[in-house]
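Working through the structure, step by step
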Amino acid sequence: MKESIIQKAAAQYGNGVIKIEPLGEGLIHRTSKVSYSNGQPEVVLQCINQRTFSQPENIIHNYLLVYEHLRKTTGPVNIPPLLPTHQHKYFWIDEEDNFWRATRFIPDSYSLRLAETEEHAYASARCFAEFTRSLTGIDTALLNVIIPDFHNLQSRYHQFEESIGQASMMRLLRSTHVISELRQRKKLVEHYLQFTGTPDYPLRAMHHDCKISNILFDHSETVICPVDLDTVMPGLFFSDIGDMIRSMACSVDENSTAWENIGIRGSYYQAILNGYLDGIENGLTEKEKTCIHYSGLIMIYMQSLRYVTDYLNNDIYYKTAYAEQNLNRALNQFILLEHLEVYLEKEYNIHPG
């Protein structure tokens, strides 16, 4: 993308000489921090990836709805406001049909790539749980479904099988091991289906992208708030805690190819569980509490399916830095799943089968 376009987008939200710096390492959007010479507050400027989010206006709708609900409650969670353009709109579309939005930048804040301590994992899990608890009472029917079937494991498995039928022979041959192992764990789809369509597992407003990089800390290591709320929509209990187990209880991140170093950090797993349960308070049903250990299994399995599916589909969804990256990500997640299976059997006598 031309820097002149980013400059023009930044000019929609402020005046004076503009300074633009890249911000974060997200796989989906292009994100920048923008400063203005006239002294106005800095902003976070994002160009929304419309291949991923085909109706970005829905993201704006949900953000405003969630912001207003949180503003009116006395809960512990606040999020930065969306900022209007000079034309008093909450987004701007440039001449190339790129979709831009901006939020207030929170000074003296930072995010982590990987949970460095059990305390980080606990605090992050508690914050995401408090976010969902603070949204109790919001009418989930008013929230747009941003990505249909986003954490629908049955749909993800179907996409996986479809991609196998359409992939090139070269990519199929390179994926044979991962494909075989994921097929052997299709039983997890049956577990997922038990959680759908019943009052024991109600729909709630969930974050749906719960990794530690989506938590802002201050320099005393206190949590400020969750960010990257593009996927906030109705969801099931396993989504957020499962994604935290996947992304924070792991010993290395999902891009690592040091296979021998991939594992589950048990103390982090327990910190995530304790943080989430403390933050959600009495917000889970008894059935959800009973099945909570399936959360990590389902989300890690789903992510491995998604990565290998994207690889077989010629890398159309996730950004990649080299040709085999999505396949390596899928293998990384599968190895993590194996380690979680062993951990749950040893520590909780759970046999996902």
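Residues numbered from 1 in each chain as written. Predicted model: local features only at pLDDT ≥ 70, side-chain atom pairs only at ≥ 80, totals over all residues. Heavy atoms only, no water.

Here we look at helix 2 (residues 56–72)
End to end, helix 2 covers 25 Å across 17 residues, agreeing with the expected 24 Å (1.5 Å per residue, within 8%). All buried positions along helix 2 are accounted for by Pro56, Asn58, Ile59, Ile60, Asn62, Tyr63, Val66, His69 and Leu70. Residues of helix 2 that are buried sit in contact with strand 3 (43–48), strand 5 (99–104) and helix 3 (118–134). (Helix = DSSP H or I, 4+ residues; strand = E, 2+ residues; numbered from the N terminus. Expected span 1.5 Å × (residues − 1). Buried < 20%, exposed > 50% of the residue type's maximum accessible area, 1.4 Å probe, protein only. Contact = heavy atoms within 4.5 Å.)

Side note on the environment of valine 232
Within the secondary structure, valine 232 is located in the loop between strand 9 (223–226) and strand 10 (233–235). C-alpha separation for the pair valine 232 and tyrosine 63, spaced 169 residues apart in sequence, amounts to 8.0 Å. Every residue in contact with valine 232, bar those within four places of it in the chain, is listed here: Asn62, Val66, Phe131, Asn144, Ile146, Met206 and His207.

A look at helix 4 (residues 153–166)
With 14 residues, helix 4 ought to run about 20 Å at 1.5 Å a step, and its terminal C-alpha atoms sit 20 Å apart, in line with that. Regarding helix 4, its N-cap is asparagine 152, as a side-chain oxygen of that residue lies 3.1 Å from the backbone nitrogen of glutamine 154 further along. (Polar contact = N/O pair within 3.5 Å; in protein donor to acceptor, adjacent residues only side chain to side chain.)

Comments concerning the nonpolar core
Core analysis: the largest hydrophobic core is formed by 72 residues, its most contacted members being Leu153, Phe238, Met244, Ile272, Tyr301 and Leu340. Here the element with the most residues in this core is helix 11 (residues 294–312); it accounts for 12 residues. If near-sequence neighbours (up to four positions away) are discounted, phenylalanine 238 is found in contact with His151, Tyr192, Phe195, Asp243, Ser295, Ile298, Met299 and Met302. Judged by nonpolar contacts, the second largest core, of 23 residues, contains Ile48, Leu70, Ile138 and Ala205. (Core = buried A, V, L, I, M, F, W, Y, C linked by side-chain atoms within 4.5 Å.)

Quick word on the sheet that holds strand 4 (residues 92–93)
A sheet is described by the order of its strands in space; here 5 strands give the open sequence 1-2-3-5-4, paired in antiparallel fashion. Because the sheet does not close on itself, it has two edges, and the strands there are strand 1 (18–22) and strand 4. Where helix 1 (residues 3–11) meets the sheet, its contacts fall on strand 1, strand 2 (30–36), strand 3, strand 4 and strand 5, and the angle it forms with strand 1 comes to roughly 115°. In this fold helix 2 packs onto strand 3 and strand 5, with an angle of close to 20° to the strand it touches most, strand 5. (Pairing = 2+ DSSP bridges. Axes fitted to C-alpha atoms, helices over the stretch in contact; angles between N-to-C directions.)

Here's the deal with the environment of glutamine 55
Secondary-structure assignment places glutamine 55 in the loop between strand 3 and helix 2. Each C-alpha atom, one on glutamine 55 and one on proline 226, is 23 Å from the other, the two residues being 171 residues apart in sequence.

Details of the state of the cysteines
If you walk through the whole model with that rule in mind, you get 0 disulfides. In this model cysteine 127 remains outside any disulfide bridge; the closest cysteine sulfur is found in cysteine 225, 7.0 Å from its own. (Disulfide = S-S within 2.5 Å.)

A few points about the sheet that holds strand 9
The 3 strands are arranged 6-8-9 in an open sheet whose pairing can be described as antiparallel. One side of each edge strand has no neighbouring strand; the edge strands of this open sheet are strand 6 (109–110) and strand 9. By the bridge criterion, 3 bridges tie strand 8 (residues 215–218) to strand 9 in an arrangement that is antiparallel. Counted as the bridge partner of isoleucine 215 is proline 226 from strand 9. Together, strand 8 and strand 9 form the strand contacts of helix 3, whose direction differs from that of strand 9 by roughly 45°.

Structural notes on the packing of helix 6 (residues 176–184) against helix 12 (residues 325–348)
In contact at an axis separation of 10 Å, helix 6 and helix 12 are set at 40° when each is read in the N-to-C sense. By the angle between their axes, helix 6 is oblique relative to helix 12. Read as a crossing pair, helix 6 and helix 12 show a hand that is left-handed. Contact residues: helix 6 offers His177, Val178, Glu181 and Leu182, while helix 12 offers Leu327, Ala330, Leu331 and Phe334. The residue makeup of the contact of helix 6 with helix 12, split by class, is 6 nonpolar, 1 polar and 1 charged. (Parallel < 35°, antiparallel > 145°, perpendicular 65-115°, else oblique. Left-handed = near helix turned anticlockwise from the far one by under 90°. Nonpolar A, V, L, I, M, F, W, Y, C, P; charged D, E, K, R; others polar.)

Description of the pattern of salt bridges
Side-chain pairs of opposite charge can arise where the charged atoms are in close proximity. Scanning the model with the defined rule gives 20 salt bridges in all. Ionic pairing is found between arginine 71 and glutamate 68, a salt bridge with its closest N-O pair at 2.7 Å. In this pair, arginine 71 and glutamate 68 are both assigned in helix 2, 3 residues apart and thus about one turn of the helix distant. Overall, glutamate 68 belongs to the partly exposed group, its relative accessible area being 29%. A salt bridge links aspartate 230 to arginine 101; the shortest N-O distance between them is 2.7 Å. One end of the pair, aspartate 230, is in the loop between strand 9 and strand 10; the other, arginine 101, is in strand 5, and 129 residues separate them in sequence. The exposure classification of aspartate 230 matches that of arginine 101, with both residues buried. Salt bridges here are not isolated pairs; linked through shared partners, they connect Lys19, Glu21, Lys33 and Glu42. (Salt bridge = Lys/Arg side-chain N within 4 Å of Asp/Glu carboxyl O.)

Remember, this is a structural readout, not a statement about activity or role.
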